4 protein chains.
Amino acid sequence: MPETLIKVDLKQSPYENEKVHNRWHPDIPMACWVNPGDDFVIETYDWTGGYIKNNDCADDVRDVDLTTVHFLSGPVGVKGAEPGDLLVVDLLDIGAKSDSLWGFNGFFSKKNGGGFLTEHFPHAQKTIWDFHGLYTTSRHVPNVKFAGLIHPGLIGCLPDRKMLEIWNRREVDFIATQPDRVPPLANPPFAKTAHAGAARGDLKAKIAAEGARTVPPREHGGNCDIKDLSRGSKIYFPVYVDGAGLSVGDLHFSQGDGEITFCGAIEMAGWVHMKVDLIKDGMAKYGIKNPIFRPSPITPTYNDYLIFEGISVDEYGKQYYLDVHVAYRQACLNAIEYLTKFGYSRAQAYAILGTAPVQGHISGVVDIPNACATLWLPTQIFDFDIRPGASGPVRAVTPGIEVPLSPDL
Amino acid sequence: MPETLIKVDLKQSPYENEKVHNRWHPDIPMACWVNPGDDFVIETYDWTGGYIKNNDCADDVRDVDLTTVHFLSGPVGVKGAEPGDLLVVDLLDIGAKSDSLWGFNGFFSKKNGGGFLTEHFPHAQKTIWDFHGLYTTSRHVPNVKFAGLIHPGLIGCLPDRKMLEIWNRREVDFIATQPDRVPPLANPPFAKTAHAGAARGDLKAKIAAEGARTVPPREHGGNCDIKDLSRGSKIYFPVYVDGAGLSVGDLHFSQGDGEITFCGAIEMAGWVHMKVDLIKDGMAKYGIKNPIFRPSPITPTYNDYLIFEGISVDEYGKQYYLDVHVAYRQACLNAIEYLTKFGYSRAQAYAILGTAPVQGHISGVVDIPNACATLWLPTQIFDFDIRPGASGPVRAVTPGIEVPLSPDL
Amino acid sequence: MPETLIKVDLKQSPYENEKVHNRWHPDIPMACWVNPGDDFVIETYDWTGGYIKNNDCADDVRDVDLTTVHFLSGPVGVKGAEPGDLLVVDLLDIGAKSDSLWGFNGFFSKKNGGGFLTEHFPHAQKTIWDFHGLYTTSRHVPNVKFAGLIHPGLIGCLPDRKMLEIWNRREVDFIATQPDRVPPLANPPFAKTAHAGAARGDLKAKIAAEGARTVPPREHGGNCDIKDLSRGSKIYFPVYVDGAGLSVGDLHFSQGDGEITFCGAIEMAGWVHMKVDLIKDGMAKYGIKNPIFRPSPITPTYNDYLIFEGISVDEYGKQYYLDVHVAYRQACLNAIEYLTKFGYSRAQAYAILGTAPVQGHISGVVDIPNACATLWLPTQIFDFDIRPGASGPVRAVTPGIEVPLSPDL
Amino acid sequence: MPETLIKVDLKQSPYENEKVHNRWHPDIPMACWVNPGDDFVIETYDWTGGYIKNNDCADDVRDVDLTTVHFLSGPVGVKGAEPGDLLVVDLLDIGAKSDSLWGFNGFFSKKNGGGFLTEHFPHAQKTIWDFHGLYTTSRHVPNVKFAGLIHPGLIGCLPDRKMLEIWNRREVDFIATQPDRVPPLANPPFAKTAHAGAARGDLKAKIAAEGARTVPPREHGGNCDIKDLSRGSKIYFPVYVDGAGLSVGDLHFSQGDGEITFCGAIEMAGWVHMKVDLIKDGMAKYGIKNPIFRPSPITPTYNDYLIFEGISVDEYGKQYYLDVHVAYRQACLNAIEYLTKFGYSRAQAYAILGTAPVQGHISGVVDIPNACATLWLPTQIFDFDIRPGASGPVRAVTPGIEVPLSPDL
C-alpha cells in the first residue's frame, strides 16, 4: 500500500500545515523526499483551503480572499533530479477525501475575480455537487449526471530564481499597463497571505515577498486547469531546481474545457496517488519548454455531442481579430441560450458548461478576421433528449430549482 | 442513385460554371432547387478553383490571387424554406473527385495572406498529399499516414440583405482601424474577381460590388473550417432568405484544429452527398444564432495522443491577457520543436499540425493573465514511436526529403 | 487513380466472367498479377451473383441454389509470393457499386440452409436496405438507421493441394457422421455448379470435382464473416501457393457479430480498393496458422449499448456444456423478445440483430456447465429510446410494416 | 458518505461472517435491508475467501477446495421488491480493499477444476498482480501493464423455490449423463462446505442440502464473469423473491472475455458501492428472462488491437459443428503461439489472455461447419511493439521470469 507522504486535516487551517504552501518560490523547503520509481499518496485541500462550504448560500464565494489561493501540497523532492531533467509523473489515481464526498462550482463576483462571462453573471453564485462513486449530480442543477474526469487543476515543479524573476517582472510590468483595471490584469506577489510551507523567519519573509502567485499557468505547468490531465495520465515536467520540488493541488472532480466559471470545475479536497521518474537532460533532448503529457485510457466515453459554434464577433456586434477567447465566449453564450429553451436557468446552463466534460476546440484560427471556436456539449449527460427536432424543445427540466446567488455587499 | 445537381469540370475555369460563385449575397440566383427530404450530390472545385497543381514547386501557392477564393457550388434552393427556419443538412458522404485523388497543403507567403505562424514560415511552401482510399500520405512529409476526416471547410446559407450589410459594415470599419496592415485585418468586397453564379448584367455588377468575401466564418457558418463537421454529421443552419440557398465548397480530406497553415488542411476537389430538411421557425424555437451540429459516428478513432501545452506568453516573452490565440501558437511551436528532434524539418512538422487530425483545446481561459491551450498530436499516425523515453529521441524520419519553397519575387 | 483489375457487370451472369470463381482450388488460374506494394481495385458480385432482387418478395431467398455461392473475384497473383509468406492486405476502401446502392438480408428456409434461429424463423424472409452515403435504412424495418461497417465477408488465398485435401477429407468425413441431416453438417465438392474462373477443359473439370466449397471459414480465412475486418483494416494472410492467389467477395454493408441470419449481413455488390505486400517467411516467424488482422481506425463509434445475456441452457430448458453457440442463441432470443415490446415484429428484430453493428461476446466460458454470451445492441441506431425505464416500453415503432415471407412450396 | 452495510475482515474466515454465504437458496436470511433509491457499500472476500496468497508458489491454487466457493456478500433485501420486478443496480464504484492491493490469476490443475486450455496447461500455476492506482502489473508477467476494468464476476438475486428446483434438477440430471467425468459436467449441491449466512440449525441444514452451487451463470445472472459489467454500469436483474436478495462477490480487477484461465481474471477482495431501485413488474413489461445491462462510460479506451481468428476445427484437426467454444480456443492458442515469438512463455501468454481487457467475439456462426471466433488483443498494453513487420518479431520480453507451477501430488 502506497505511503501517504502528505496529509491534510480538513478541520485544520492550511496555514498550520507545514507541507502546504500557496506561492511558487525556489526556496520553499521540500516537504518530503522520494526516489525515482517511487509511488506515494499526497492529500490536498480544495484550492481555497476549505473556505467554501457545502450549503445553499453563495456568501462564501462572494467573500473569499483570493490572495490566499491556491493551497498546494508539497513540494516533493525527488532525489537526483537536476535542472534540465524531465520529471515523469504518473497520476495513478485521484479521488475525493472520504470524509468530503462533494465539490463546489461558483461564479465569482465581477468585483472579486469575475470569470469568463462575468458581464453576464456579475454576482457570486454557487452550486454544490455530490459524488456518487464515479458519478456526480447537483441539487442545484437538475436532470444532469456525469462520470468524473478527475484531475488536478494545478501541478508543477518549483521555478528556479531566474524563472521566478522572469515571471514576476513579466506580470508586474503587465499590470502596470492598466494598473486600475478591475479585475486586474494579473496578480503580483503579496506577502500578507503567503504560506511558505515549513519556511520560518527570514526565509519565510523572503518567500512571501518574492513568491509568484499560483493563479496563472506558466512555463512549469502550474495552474493549467487542463481537464484531460486526469487520473491515469503521464506527464513530463521541466525541472528547474535540484530535487524538482513537485507540488499539486486544486483537485477537480470534473471540468469543462476552459474552466469558464473560474471557481471553476467541481472543486474538491482529495488525494493523488502518483509515481515519479526522471528523464535525465530531457528538456534539451526533446526540446521541452512547457510540460507535455499523454492522456489517460480511463476517461468518460461520452461521444454524442451537440456542437455550438462561435466567431470572434462579440455579443454586442464588435469585431475582433482572430480572437479565440471571444469566439469561445460566443459559443458558450449560444449553448446557454439553447439550454434555456429546455427549462434551465442561465446560471444552471453556465454551471453545466463549467463542470461537465465539455470540449472547447480552436476550430479555425486563420480566416481573417474571425476565429471560430466550438463548444462540444455531451448529450448523454442529460436525462432527457436535448437534440433539436421538428417539434421544438420540450421543457423537461425540473422547475423551481435555483442556483444560490449572493449580491455584492 | 442520388442525382448530381451540380457538376464541375476540373479542366474548365470555375468562372465559366454558372452553378459556382465566390461571394455571399442574397441575390445570387439559385443554381438548382430541391425539396425537403431530398438527397443529392454536389461537386465542388478545390477552394482555389484548380490553381494549385500536383507538382513539387510552391510558385502557385506564392502567386495565387486570394481575391478569387473560395469557389463554392450552389446556392441550392430548398422549397418552403423561409427566414427563421433551421435548414437541417445531413452530410451523407463526401469524397475526392475520382480523377483527382490528391490534395495540397500550403503556407502562404507573409506578403500574400500569411498564416498562423507566418513569422516563422514567411515564404510560400507546399506539400502534396495522395489519397489511398481512406488514407493519405505525402511524398513531402515522410513516415506519417492517417485516415481522412473528410469535411467541407465552407458551407452555409445565403445571408439576407440586413445580414450582409452588418457583415460589410463590421469588416470595412474594422479594416479602417489599421488600413495599411499586411496582411490586412479583413477583406472588403472586391468586384473585379467576383463570380456571381448565373447572375448577369446589373445584377452581376451589384453582387460583385456588394458581395461579402468568403474568407471568414460568420453567423451563417461559412468558412468555419471545423474539422469535425465531417461526412456523417448533421448540421442545423440558420435560414435568412426564402429557399435558404445552401452553398458548399473548400473540401478538406483532413485538417488539424485551427487549420493553422491557412492554405490549409488537405485541400481537394470533390463531391458532397447531402440531404436537406427543415425545422420551421427553428431559430427562435431553439435560440439559434450560429449553426449547431452533431458529429459523425464515422471518424478516425486515434486516441493515443501526445499533448503539448502553450500559454499566452509569446515566443519573445511578451505577456498577453488570456489570449488563446497566442497560447495555441505556443503549443504549436512546442510541438514543432519536439518533432524536429526525430528528424522532421520545421516545415514538415508544421504541415503535419495543419493536416493531421490534431486537436486544439481551449484548456484554461480564466487564470489571469495566462490562457492555456493544448495541442493533441495523435501518436498512431506515425510509423515510429514519438513518445518520450529515457534514452532520448531516435532520428527515425527518412532524411533528405524537403518541403518545396518558393521565395517571394 | 488505382486501376480496376477485375470488373463485374451486374447484368451479366457471373459464370460468364472469367475473373470470377466459386470454389477453392490451387489450380484456378490467376485472374491477374500485381507486384508487392501495388494498390488496385477489384469489383465483386453480391455473394449470390445477382440472384436476389431489390423487391418485396422473398421467393428468391427461398429458391436460391446454394451450391452456386459464393462468387468471388480473383485470384489475384502477387509476384514473388511463396508458400510460408504472409500476404499483407490493406483494405484501403470498400463500397457498393454505384449502380446498385442497396443490399439485402434474408432468412433461409429451414429446408434450404436455415440459419442460427431457424427453429424460430423456418421460412424464407427478406429485407431490403437502401444506402444513403455512409448510412443505411430499410423499408421493411422502420425506426432504425446506422452507419455501415463495410467489409468483405469472404477473403483469402488459394489453398495448396495438401491443404485442400485436408479440408475435403475433414468435411466429407464429418458429413458421413450424419449423412441425412437437414441442413447438412457440411457441403462437399459439387461439380455441377462449379465456376473455375478461366479454367477450361480437363482443368476445369478437375477443379469442379475437387474444389472446396466456399461456405465455411478455414485456415486460410475464407468466409469468416468478421464484421470488423472492415475497410481500413490490415490483414496478414497465410500463403500456400506461388503467387498467393487472393480472392474476395461476399461484401457486406454492415453485419452483426455472428451474421446470425446467414443470408446474412446486408449483402451487396461492390468494389474493394486494396494494397498488397509480403512478409517473407512470415508464417514461421510469427507462428501464424490462421489470418490475423488489425482493425480500422474508421468504424462507427456507437458506444451506448443495451447488453443481453444468454447462458447455455436452451429455450426448452435443456442443459449444454459450456456451449457458447447455445448461449449466444439465448442472448439473441432475449433481445428479440425485448424489441417486440416496442412494437417490432420478431422478424424485424431478428433482421436488426443480423445487420446492425451488434457485438457478440464470449463473456464466460469456464463456469461449468454454463457458458455465458452477451449480445450488445447499440442504442444509438434507433430513433426512439430503447432503454428500460420505470414507466415501461413505449410502442414507438411504426406499425403496419412487414418483412416479406415466402412459405416453402 | 455511503454506509458500509457489510464488512469483511480478511484475517477472519468467511465462515464466521454471517453476512457472507456460498450457496444460492431462497431461505438464506437477508444480511441487511435497504430502500429503493439507497446507495451503500458492500465489502467482499476474494472468491476463495482468502485461500490464495500473495506469494510465488502455486500450491494454494493446486490445493484449494472448490466446493467452498464462491464467498458472496449478502443477500441485501430491498424493501418493496416483489417477484416479477426488475431490480435496477447502479455499480457506482468498485475497488480493492485498501489493505489488499493485489490480485491473483491461476490455472487449475486438470484434476481440480481445469480450465479452458487445460489440455495444454494441466498443472496448477499462479500469477500475482499488483495494483498501482488504476493500473496493474505482475512480477510474473513482464512488459505488460493495463488499466483495470473492475467488475464483480458474480452478482444476482436469490432464486425462488421453483427456480432453485429447476437448476438442481437440470444440473443433477446433466451430471448423470457422464457421472465419472473429470472435471465433472457440473457441481451438485454439497452440504459439507456450505455457508448459509446467518441461518442456523434446521434452516442451515436445509440450505446446505438444497442450495445451488455458485459456479455457473444462470437465469438470475450469478457467476456471469462478464468483464463489461464493470463499475459505472447499470444492471436490470430479475427478482424472484420478496426483497430480491442481492448478493455480490468474486471481484475482478480485470479480465479477458471468457475468463479463460478459470482461476480466472485478476481475483481480489474489495468493495462495491452500489445503488438500487425497482421497475415494478419489469420482467413482463420488458420480456426479461436473464439480466440486461448498460455498460459504463468509464472503461479503458484501448482501441488498437491485433485480432486472432479461430475456427471450429480443433488443434488435432478434428471437425466440430459451428462450435464457438472450439473456435475461440483455437483463436486463443493462435495468440499464445504468436506471443511466444516475442519471448513470452506459453504460461505468461495464457495469463495475459485471461487477465487483460481482451475481447472475444462470436464473429461468424452460420457458415457450416465452422464457427469463427476472434480474440482481440490490445496492443497498447505492451511496452514494446507486438505488431507484425517485415523484419520479424523482436524478442523484447524480459527473460528469466517464470510463472510459478505446482505439479499434482
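So, how was this worked out
Residues numbered from 1 in each chain as written. Chains lettered and ligands numbered in written order. Predicted model: local features only at pLDDT ≥ 70, side-chain atom pairs only at ≥ 80, totals over all residues. Heavy atoms only, no water. Least-squares fit on C-alpha atoms with pLDDT ≥ 70 in both. Contact = heavy atoms within 4.5 Å. Helix = DSSP H or I, 4+ residues; strand = E, 2+ residues; numbered from the N terminus. Polar contact = N/O pair within 3.5 Å; in protein donor to acceptor, adjacent residues only side chain to side chain. Buried < 20%, exposed > 50% of the residue type's maximum accessible area, 1.4 Å probe, protein only. Pairing = 2+ DSSP bridges. Buried area = accessible area lost by both parts, 1.4 Å probe. Salt bridge = Lys/Arg side-chain N within 4 Å of Asp/Glu carboxyl O. Nonpolar A, V, L, I, M, F, W, Y, C, P; charged D, E, K, R; others polar. Axes fitted to C-alpha atoms, helices over the stretch in contact; angles between N-to-C directions. Parallel < 35°, antiparallel > 145°, perpendicular 65-115°, else oblique. Left-handed = near helix turned anticlockwise from the far one by under 90°. Domains from an automatic or database assignment. Core = buried A, V, L, I, M, F, W, Y, C linked by side-chain atoms within 4.5 Å. pLDDT = per-residue confidence, 0-100. Phe/Tyr/Trp six-rings, centres within 6.5 Å; stacked < 30°, edge-to-face > 60°. Lys NZ or Arg CZ within 6 Å of the ring centre and 35° of its normal.

**What about the relation of the copies chain D and chain A?**
Part 1 of the argument: Expressed as a screw transformation, the operator carrying chain D onto chain A has a rotation angle of 180° and an axial translation of 0.0 Å, and the superposed copies differ by an RMSD of 0.0 Å. Taken together, the rotation angle and the small translation identify this as a two-fold axis. Considering only C-alpha atoms, the part of chain D nearest the rotation axis is isoleucine 298 of chain D, at 3.0 Å.
Part 2 of the argument: Most of the interface of chain D is mirrored in chain A, where 100% of its interface residues again form contacts.

**A short note on the environment of asparagine 54 of chain D**
Residue and element names in this part refer to chain D.
Part 1 of the argument: Mapping asparagine 54 onto the fold places it in the loop between strand 4 (39-44) and helix 1 (59-63).
Part 2 of the argument: Sequence separation between asparagine 54 and tryptophan 129 is 75 residues; the distance between their C-alpha atoms is 8.8 Å.
Part 3 of the argument: Each residue touching asparagine 54, except ones within four places of it in the same chain, is listed here: Trp102, Ile128, Asp130 and Arg139.
Part 4 of the argument: One polar contact links asparagine 54 to arginine 139, side chain to side chain, over a distance of 2.9 Å.

**Observations regarding the pairing of strand 8 (residues 124-132) of chain D**
Residue and element names in this part refer to chain D.
Part 1 of the argument: Where burial is concerned, most of strand 8 is hidden: seven out of the nine residues are buried.
Part 2 of the argument: Alignment of strand 8 against strand 23 (residues 405-406), held across two bridges, turns out to be antiparallel. In the sheet register, alanine 124 faces strand 23, and the bridge partner there is serine 406.
Part 3 of the argument: As judged from the four bridges shared by strand 8 and strand 9 (residues 135-138), these two strands associate in the antiparallel manner. Residue pairing across strands places aspartate 130 opposite threonine 137, the latter belonging to strand 9.
Part 4 of the argument: The turn linking strand 8 back onto strand 9 is made up of two residues, and glycine 133 within it adopts a positive phi angle of 60°.

**Brief notes about the environment of valine 326 of chain D**
Residues and elements named next belong to chain D.
Part 1 of the argument: Along the polypeptide, valine 326 turns up in helix 5 (residues 324-340).
Part 2 of the argument: Separated by 46 residues in the primary sequence, valine 326 and lysine 280 have C-alpha atoms spaced 41 Å apart.
Part 3 of the argument: Valine 326 has contacts with Ile311, Ser312, Val313, Asp314 and Tyr320, leaving out every residue within four places of it along the chain.

**Focus: the interface of chain D and chain A**
When the parts of a complex come together, some accessible area is lost, and that lost area is often used as the size of the interface.
Part 1 of the argument: Across the boundary between the two partners, chain D contributes 24 residues, which contact 24 residues of chain A.
Part 2 of the argument: Interface area for chain D against chain A, summed over the two sides, is near 2,000 Å², with a carbon-plus-sulfur share of 66%.
Part 3 of the argument: Broken down residue by residue, the surface that chain D buries against chain A is led by Leu134, Pro297 and Ile298 of chain D, which jointly contribute 31%.
Part 4 of the argument: On the surface where chain D and chain A come into contact, there are zero salt bridges.
Part 5 of the argument: Where chain D packs against chain A, one counts six residue pairs in polar contact (both at pLDDT 80 or more).
Part 6 of the argument: Elements supplying a minimum of two residues to the side of chain D that touches chain A: strand 6 (86-96), strand 10 (141-147) and strand 19 (298-300) of chain D.
Part 7 of the argument: By the bridge criterion, three bridges tie strand 19 (residues 298-300) of chain A to strand 19 of chain D in an arrangement that is antiparallel.

**Looking at the interface of chain B and chain A**
Part 1 of the argument: If you look at the interface, chain B gives 87 residues, while chain A gives 87 residues.
Part 2 of the argument: The contact between chain B and chain A buries some 7,500 Å² in all, and 61% of this surface belongs to carbon and sulfur atoms.
Part 3 of the argument: If you sort the residues of chain B by the area they bury against chain A, Tyr286, Glu309 and Ile362 of chain B come out on top, with a joint share of 10%.
Part 4 of the argument: Taken together, chain B and chain A are joined by 31 residue pairs in polar contact (both at pLDDT 80 or more).
Part 5 of the argument: Only helix 2 (161-176), strand 12 (217-218), helix 4 (282-286), strand 18 (292-294), strand 20 (305-311), helix 5 (324-340), strand 21 (359-364) and strand 22 (372-378) of chain B provide two or more residues apiece to the side of chain B that touches chain A.
Part 6 of the argument: If one sorts the elements of the side of chain B that touches chain A by residue count, helix 5 of chain B sits on top with seven residues.
Part 7 of the argument: Here the residues of the side of chain B that touches chain A are counted per class, giving 47 nonpolar, 21 polar and 19 charged.
Part 8 of the argument: The pairing of strand 18 (residues 292-294) of chain A with strand 20 of chain B spans two bridges and is antiparallel.

**Let's talk about the packing of helix 5 (residues 324-340) of chain A against helix 6 (residues 346-355) of chain A**
Residues and elements named next belong to chain A.
Part 1 of the argument: Direction vectors running N to C along helix 5 and helix 6 enclose 130°, while the axes themselves pass 9 Å from each other. Here helix 5 lies oblique to helix 6, going by the angle between them. At the point where helix 5 passes helix 6, the crossing takes the right-handed sense. Of the residues in helix 6, those touching helix 5 at Cys332, Leu333, Ala335, Ile336, Glu337, Leu339 and Thr340 are Arg346, Ala349, Tyr350 and Leu353.

**A word on unusual backbone geometry**
Part 1 of the argument: With an omega of 0°, the peptide bond between isoleucine 368 of chain A and proline 369 of chain A qualifies as cis.
Part 2 of the argument: Mapping proline 369 of chain A onto the fold places it in the loop between strand 21 (359-364) and strand 22 (372-378).
Part 3 of the argument: Of note in this structure, asparagine 143 of chain B is not a glycine but carries a positive phi near 65°.
Part 4 of the argument: Relative to the elements of secondary structure, asparagine 143 of chain B occurs in strand 10 (residues 141-147).
Part 5 of the argument: Take asparagine 143 of chain B: its relative accessible area is 16%, and that puts it in the buried class.

**Remarks on the pattern of salt bridges**
Part 1 of the argument: Evaluated as defined, the whole model comprises 96 salt bridges over all chains.
Part 2 of the argument: One salt bridge connects arginine 161 of chain A with aspartate 27 of chain A, and the closest N-O pair in it is separated by 3.8 Å. Taken together, the positions of arginine 161 of chain A in helix 2 (residues 161-175) and aspartate 27 of chain A in the loop between strand 2 (20-21) and strand 3 (32-34) put the pair 134 residues apart, joining distant regions of the chain.
Part 3 of the argument: The class for arginine 161 of chain A is partly exposed, based on a relative accessible area of 32%.
Part 4 of the argument: Its relative accessible area of 26% is what places aspartate 27 of chain A among the partly exposed residues.
Part 5 of the argument: A salt bridge links arginine 200 of chain C to glutamate 18 of chain C; its shortest N-O distance comes to 2.8 Å. Of this pair, arginine 200 of chain C sits in the loop between helix 2 (161-175) and helix 3 (201-210) while glutamate 18 of chain C sits in the loop between strand 1 (3-6) and strand 2 (20-21), and the two are 182 residues apart along the sequence.
Part 6 of the argument: In this structure, a network of salt bridges that share partners links the residues Asp27, Arg161, Glu165, Lys206 and Glu210 of chain A.

**Remarks on the side chain of threonine 261 of chain A**
All names here are of chain A.
Part 1 of the argument: With respect to the secondary-structure elements, threonine 261 resides in the loop between strand 15 (244-252) and strand 16 (262-268).
Part 2 of the argument: At 2.8 Å, the side chain of threonine 261 and the side chain of asparagine 105 are in polar contact.
Part 3 of the argument: Leaving out residues up to four positions away in the same chain, threonine 261 has contacts with Asn105, Gly106, Phe107, Phe108, Tyr350 and Gly354.

**Here we look at the domain arrangement of chain A**
Residue and element names in this part refer to chain A.
Part 1 of the argument: Domain annotation of chain A identifies domain 1 (4-294) and domain 2 (305-400).
Part 2 of the argument: Summarising the inter-unit geometry, the C-alpha centres of domain 1 and domain 2 are found 27 Å apart.
Part 3 of the argument: Across the boundary between the two partners, domain 1 contributes 28 residues, which contact 30 residues of domain 2.
Part 4 of the argument: When domain 1 packs against domain 2, the two sides together hide about 2,400 Å² of surface, and 65% of this comes from carbon and sulfur.
Part 5 of the argument: Counting residues per element, the ones that place at least two in the side of domain 1 that touches domain 2 are strand 7 (102-107), strand 8 (124-132), strand 10 (141-147) and strand 16.
Part 6 of the argument: Broken down by element, the residue count for the side of domain 1 that touches domain 2 peaks at six residues, all from strand 10.
Part 7 of the argument: Here the residues of the side of domain 1 that touches domain 2 are counted per class, giving 12 nonpolar, 12 polar and four charged.

**Some thoughts on the side chain of asparagine 187 of chain A**
Part 1 of the argument: Assignment of secondary structure puts asparagine 187 of chain A in the loop between helix 2 and helix 3 (201-210).
Part 2 of the argument: Setting aside anything within four residues of it in sequence, one finds asparagine 187 of chain A in contact with Glu171, Ile175, Arg213 and Val215 of chain A together with Ile368 of chain B.

**A closer look at the nonpolar core**
Part 1 of the argument: Residues Leu87 of chain A, Leu87 of chain B, Leu87 of chain C together with Leu87 of chain D are the most contacted members of the largest nonpolar core, which totals 500 residues.
Part 2 of the argument: In this view, leucine 87 of chain D contacts Val78, Cys157, Ile235, Tyr236, Phe237, Val239, Ala244, Leu246, Val276, Asp277 and Leu278 of chain D; residues no more than four positions away in its chain are not counted.

**A word on the confidence of the model for chain A**
Part 1 of the argument: Averaged over every residue, the pLDDT of chain A is 97; the share at 70 or more is 100%.
Part 2 of the argument: Model confidence for the complex: the whole-complex pTM is 0.96, and ipTM, which rates the interface, is 0.96.

**Description of the packing of aromatic side chains**
Part 1 of the argument: What the rule picks out here adds up to 80 aromatic pairs over all chains.
Part 2 of the argument: The interplanar angle of 45° and the centroid separation of 5.3 Å between the aromatic rings of tyrosine 338 of chain B and phenylalanine 342 of chain B together place this pair among those described as tilted. Grouping residues by exposure puts tyrosine 338 of chain B and phenylalanine 342 of chain B together as buried.
Part 3 of the argument: With a centroid separation of 4.1 Å and 10° between ring planes, the pair formed by phenylalanine 131 of chain C and phenylalanine 253 of chain C is classed as stacked. Of the two residues, phenylalanine 131 of chain C sits in strand 8 (residues 124-132) while phenylalanine 253 of chain C sits in the loop between strand 15 (244-252) and strand 16 (262-268), which places them 122 residues apart along the sequence. The burial state of phenylalanine 131 of chain C is the same as that of phenylalanine 253 of chain C; both residues are buried.
Part 4 of the argument: Site record: aromatic cluster; members linked through ring pairs are Tyr286 of chain A together with Phe308, Tyr338, Phe342, Tyr344, Phe382 and Phe384 of chain B.
Part 5 of the argument: Positioned above the aromatic ring of tyrosine 135 of chain A, the side-chain terminus of lysine 145 of chain A is 4.7 Å from the ring centre.

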